[in-house]
Amino acid sequence: MSRIPPPYRIKVVEPVPFLSAPERRAALDAAGYNPFNLRADQITVDFLSDSGTGATSTAQEAAAALGDESYAGARSWFRFRDEAAELTGYDHLLPVHQGRAAERILFTNLLKPGQICVSNTHFDTTHANVEIVGAEAVDLPCPEAADLDSHEPFKGNIDLAALEALLAGPDGERVGLVLLTITNNGLGAQPVSMANLTAARDLAHRFGKPFFLDAARFAENAWLVKQREPGYADRTPKEIATAAFQLADGCLISLKKDGLTAIGGLIGLKDPELFGRCEALLIATEGFSTYGGLAGHDLERLAVGLREVVDPSYLAARAEQTARFARMVNDAGVATIQPAGIHALYLNAGRLLPHLTPAEFPGHSLGCQMFLDGGIRSAELGSLYLGTLDEEHRLVSPAPFELVRLAIPRRVYTEEHFAYVAEVLGDIAKDPERIRGYRIVSAPPLLRHFKVRLAPR
Ligand SMILES: *Cc1c(COP(=O)(O)O)cnc(C)c1O
């Protein structure tokens, strides 16, 4: 069969606004041309993030009604803990309100100032939290990731030769943590193979370093391993996810993605001593260790979400939805990172808008045009996000690629929404030269993209 229908139907809907073109222009201008400053009631299709933006199921909402809000020892915690323990195999689990809280608590206890955290690619808040504890974030993506058009199956892998060279070299002593992001959100939603995880773990352990997973999309990574890696076709996504977790010494997870909930996160550990230190910081800054900043009803939704997300029929339909969207966008004349991942599509704005230099932020220009023409919100992943700026906010060194990420919320949009977005992109691709560049008006020093303000050139 060529069509894989989603294993659910719609029961509750939320209205979507349609602004006129002048209204959109005024909204974007008032937002300082930063999509993070737009209001949700100004957006027709919101592809800014797949984080906490998914739809919940009837089973999750029914479970939420059972939420136990006891300060300590709530029944909801034990339901969530049992599901998470079965999925991950870790003995020591701590709930947190979202992924970055897990980053802060783990890095505070695992990294010292001057140390190095090495990754396939750090996510933005992960990078920031490494730096906040005085450590250095080093990204070693595999060489295949540099070719956006190639169909290599595991472009999310870490560069094993570079990892070994770092560990064995003069900076090896400074490495405090090896952290693999699955899937690689910073680099095209590309998966990491089990072979790469195993080899990276072996290298880390050979040099006496802890090996952890940043596993926000553990189920989507498992699905792509099942489809693409020899030897895994007959394993369930859950079995593959468990095997990945068990390769590592521990994990941090933003459950706003594959937890299928609006809020939540998790730290999983094998080491009881590290657990004790993390628990003390959790209690001081997030909440007691049986709720970690979450309400009982959140824990209930999470317990159900962890089961629903590894359902093969859900993962097959979601992967197919993104793959079909990629074909529509490619047919409309816009190149995307190949092969398509699951949680997002990455548009090659540099190729679509060659008349703009990196200093004019082509990814940002394309994102703005998608909003102006169709009320579509997206996220730039190019020189605005990753480039180096001087004191006057002028671009000094560009990002390697000028991309726009269209993050796809889970169980939210229908085929018609995707066709609509592809049509807006197709119209842009017919006359790309009309699109102008942008310049930065003001920018904060850390996590620039969230608060930067721009103006058209
Ligand atoms: C979202 C995300 C985080 C941070 O999690 P939040 O829940 O947004 O705080 C960390 N790492 C990765 C890979 C993510 O996708």
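Rules and cut-offs
- Residues numbered from 1 in each chain as written.
- Predicted model: local features only at pLDDT ≥ 70, side-chain atom pairs only at ≥ 80, totals over all residues.
- Heavy atoms only, no water.
- Salt bridge = Lys/Arg side-chain N within 4 Å of Asp/Glu carboxyl O.
- Helix = DSSP H or I, 4+ residues; strand = E, 2+ residues; numbered from the N terminus.
- Near = heavy atom within 4 Å.
- Polar contact = N/O pair within 3.5 Å; in protein donor to acceptor, adjacent residues only side chain to side chain.
- Areas by Shrake-Rupley, 256 points an atom, 1.4 Å probe, with all protein chains shown as cover.
- Nonpolar A, V, L, I, M, F, W, Y, C, P; charged D, E, K, R; others polar.
- Buried < 20%, exposed > 50% of the residue type's maximum accessible area, 1.4 Å probe, protein only.
- Contact = heavy atoms within 4.5 Å.
- Core = buried A, V, L, I, M, F, W, Y, C linked by side-chain atoms within 4.5 Å.
- Domains from an automatic or database assignment.
- Buried area = accessible area lost by both parts, 1.4 Å probe.
- Arc of directions from axis to C-beta.

Remarks on the pattern of salt bridges
Counted under the stated rule, the structure contains 31 salt bridges. Glu320 is the partner of Arg327 in a salt bridge, and the nearest nitrogen-oxygen pair spans 3.4 Å. As a salt-bridge pair, Arg324 and Glu415 come within 2.7 Å of each other at their nearest N and O atoms. Note that Arg324 is positioned in helix 12 (residues 312–331) and Glu415 in helix 16 (residues 415–430), a separation of 91 residues in sequence. Residues joined by salt bridges that share partners form a network here, namely Asp50, Arg217, Glu220, Asp258, Arg318 and Arg410.

Description of the site of the ligand
Around the ligand, a shell composed of 15 residues is seen, among which Gln98, Arg100, Asp214, Ser254 and Lys257 lie nearest. Between the ligand and Gly99, the relevant distance is 2.9 Å, taken from an oxygen atom to a main-chain nitrogen or oxygen of the residue. Separating a nitrogen atom of the ligand from a side-chain N or O atom of Asp214 is a distance of 2.8 Å. Contact with the protein chains hides 98% of the accessible area of the ligand, taken as 380 Å² for the molecule alone. Those elements that place two or more of their residues in the shell around the ligand are helix 4 (99–110) and helix 5 (124–132). Sorting elements by how many residues they give to the shell around the ligand places helix 4 first, with 3 residues. Residues belonging to the shell around the ligand are distributed by class as follows: 2 nonpolar, 7 polar and 6 charged.

Examining unusual backbone geometry
The linkage connecting Ile182 with the following residue, Thr183, adopts the cis geometry, with an omega of -20°. When you line up the elements, Thr183 lands in the loop between strand 5 (175–181) and helix 7 (194–206). Cis geometry is adopted by the peptide bond preceding Pro339, which originates at Gln338 and carries an omega value of -15°. In this model, Leu260 sits at a positive phi of 55°, which is unusual for a non-glycine residue. Mapped onto the fold, Leu260 is located in the loop between strand 7 (250–254) and strand 8 (265–269).

Overview of the side chain of Thr322
Structurally, the position occupied by Thr322 is in helix 12. Judged by relative accessible area, Thr322 falls into the buried class, the value being 0%. Once residues within four sequence positions are removed from consideration, Thr322 is found in contact with Gly341, Ile342, Ala344, Leu345 and Ile408.

Re the nonpolar core
Counting 58 residues, the largest nonpolar core has Phe80, Val118, Leu197, Leu213, Phe218 and Phe245 as the members making the most contacts within it. Sorting elements by how many residues they give to this core places helix 8 (residues 218–228) first, with 6 residues. Apart from residues no more than four positions distant in its own chain, Phe218 is found in contact with Leu87, Ile182, Ala241, Phe245, Ile253, Leu255, Asp258, Leu306, Val309 and Val310. Formed by 28 residues, the second largest nonpolar core is a distinct cluster that contains Leu356, Ile376, Ile408 and Ala422.

Thoughts on the domain arrangement of the chain
Each assigned domain of the chain is listed with its residue range as follows: domain 1 (21–50 + 312–456) and domain 2 (58–308). For the pairing of domain 1 and domain 2, the buried interface totals around 2,600 Å² over both sides, and the portion due to carbon and sulfur atoms is 59%. Of all residues in domain 1, Leu315, Gln338 and Pro339 bury the most surface against domain 2, accounting for 21% of the area lost on that side. Summed over the shared surface of domain 1 and domain 2, the result is 6 salt bridges. Among the salt bridges present, the one from Glu220 reaches Arg410, with a minimum N-O distance of 3.2 Å. In this structure, the connection of domain 1 to domain 2 is made through 17 residue pairs in polar contact (both at pLDDT 80 or more). Elements with a minimum of two residues in the side of domain 1 that touches domain 2: helix 12, strand 9 (344–348), strand 14 (403–407) and helix 17 (448–451). With 6 residues, helix 12 is the single largest residue contributor to the side of domain 1 that touches domain 2. Of the residues in the side of domain 1 that touches domain 2, the class split is 17 nonpolar, 6 polar and 6 charged.

Looking at helix 1 (residues 21–30)
By the burial criterion, the buried members of helix 1 are Arg24, Ala27 and Leu28. One side of helix 1 holds all its buried residues, which, seen down the axis, span an arc of 95°. In helix 1, the exposed positions that point more than 90 degrees away from the buried face belong to Pro22 and Ala30. Where the residues of helix 1 are buried, they touch helix 14 (362–374).

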